[in-house]
Amino acid sequence: MNDLQFPPLFQGEAVTGTADPFDRAIALAVAGTDPGTVVYNLGGGTLRASLIFAPEVPLEEAMSMLPVCGLGFQAALGALAPPEVAVHLDWAGGIRVNGATCGRFRARASGANPAETPDWLIIGLELNVQTLEGNPGNDPDRTSLIEEGCGEVEPERLLESWVRHTLYWINRWQEDGPRPVHAEWRGLAKNLGEDIDFNGETGTFVGVDEFFGMLMRRDGETKLIPLSTQLEGSK
């Protein structure tokens, strides 16, 4: 794992065993580690990695890094997996491969006030590489890369590719604003335009606002669910 290559301004830190790279990234961020650190653990049949950001915008806007990282992942797996493998993204961070849940993104920040600029923001990736239960098919809504024909995809190369493609979408977001990010994300969004039940609320998922807040329509009224509500520790 020492030969991983990341783009300039990114640096890797590997953890092993049962260590959670998300928790390690939080500790590093609190201690003042430079943004761009990629903490990762490739053991145990999963790919777990976390990126440390130092936002220069309020938290609600900075939460756009959650879908940005999703776009980076879709492009990374698309470059390495067989062409028939399809990736979709749940609004709250779930990753679906060929329609089944294969992993998720999660987020944590130094504070939960959506109007304030946080000192740090961490986006974590968790991905099932191998079948954890040892008996594929018992739960058709859960899958792994190996079950979806991606056995030749090396976790190390996928991690490198994710960081590179995420950097591309960060630059697009910074230089061109949210429009191109929105346009790409809408083509990958799960349940967009459909009736959904989200955290006990039902309605039609009609789209997202400028900062990727969910717009849910019910009985002629549209409700906004800010993306910052999905931040761990925000409640």
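Definitions and limits used
Residues numbered from 1 in each chain as written. Predicted model: local features only at pLDDT ≥ 70, side-chain atom pairs only at ≥ 80, totals over all residues. Heavy atoms only, no water. Phe/Tyr/Trp six-rings, centres within 6.5 Å; stacked < 30°, edge-to-face > 60°. Helix = DSSP H or I, 4+ residues; strand = E, 2+ residues; numbered from the N terminus. Buried < 20%, exposed > 50% of the residue type's maximum accessible area, 1.4 Å probe, protein only. Contact = heavy atoms within 4.5 Å. Core = buried A, V, L, I, M, F, W, Y, C linked by side-chain atoms within 4.5 Å. Pairing = 2+ DSSP bridges. Axes fitted to C-alpha atoms, helices over the stretch in contact; angles between N-to-C directions. Expected span 1.5 Å × (residues − 1).

A. Region of the structure containing the packing of aromatic side chains. For the coordinates displayed, the defined rule picks out six aromatic pairs. Measuring from centroid to centroid gives 6.1 Å for Phe-105 and Trp-162, while their planes differ by 40°, and the two rings are tilted. One end of the pair, Phe-105, is in strand E6 (residues 100-109); the other, Trp-162, is in helix H4 (residues 155-176), and 57 residues separate them in sequence. Consider the rings of Trp-185 and Phe-212, whose centres lie 5.4 Å apart with planes at 85°: the pair is edge-to-face. On the criterion of sequence distance, the pair formed by Trp-185 in helix H5 (residues 178-186) and Phe-212 in the loop between strand E9 (201-208) and strand E10 (214-218) is long-range, its members being 27 residues apart. Clustering of aromatic rings is evident, with ring pairs tying together Phe-73, Phe-105 and Trp-162.

B. Broad picture of the environment of Pro-82. Considering the arrangement of structural elements, one finds Pro-82 in the loop between helix H3 (65-80) and strand E4 (87-89). Overall, the relative accessible area of 25% leaves Pro-82 in the partly exposed class. Linking Pro-82 and Asn-191, residues 109 residues apart in sequence, is a C-alpha distance of 24 Å. Setting aside residues up to four positions removed in sequence, Pro-82 forms contacts with Gly-149 and Cys-150.

C. Seen up close, the nonpolar core. Counting residues in each nonpolar core, the largest one holds 62 residues, and the members touching the most others are Phe-73, Leu-77, Leu-121, Leu-159 and Trp-162. Ranked by residues supplied to this core, first place goes to H3 with eight residues. Not counting residues within four places of it along the chain, the set of residues in contact with Leu-77 comprises Val-85, Val-87, Val-97, Leu-145, Val-153 and Leu-158. Counting residues in hydrophobic clusters, the runner-up holds ten residues, among them Val-15, Ile-26, Trp-120 and Ile-122.

D. View of the sheet that holds strand E8 (residues 195-198). Taken together, four strands build an open sheet; the order of strands is E8-E9-E10-E11 and the sheet is antiparallel. The open sheet has two edge strands with one neighbour each: E8 and strand E11 (221-225). Averaged over all pairs of adjacent strands, the angle between their axes in this sheet comes to 50°, without regard to strand direction. Examined bridge by bridge, E8 and E9 share four bridges and lie antiparallel to one another.

E. Focus on H4. Helix length check: H4, at 22 residues, gives a terminal C-alpha distance of 31 Å against a target of 32 Å (1.5 Å per residue), a fit within 8%. Of all the residues in H4, the buried ones are Pro-155, Leu-158, Leu-159, Glu-160, Ser-161, Trp-162, Val-163, Thr-166, Trp-169, Ile-170 and Trp-173. Count one or two residues on from H4 and you reach Gly-177, which has phi positive near 80°.

F. Here's a closer look at the sheet that holds strand E7 (residues 121-128). Within the open sheet, the seven strands sit side by side as E1-E2-E3-E7-E6-E5-E4. Their pairing is mixed. Only two strands of the sheet have a single partner each, and these edge strands are strand E1 (11-14) and E4. Neighbouring strand axes in the sheet, compared pairwise and without regard to direction, differ in orientation by 20° on average. Contacts from H3 reach strand E3 (46-53), E4, strand E5 (94-97), E6 and E7, with the element oriented near 35° to E7.

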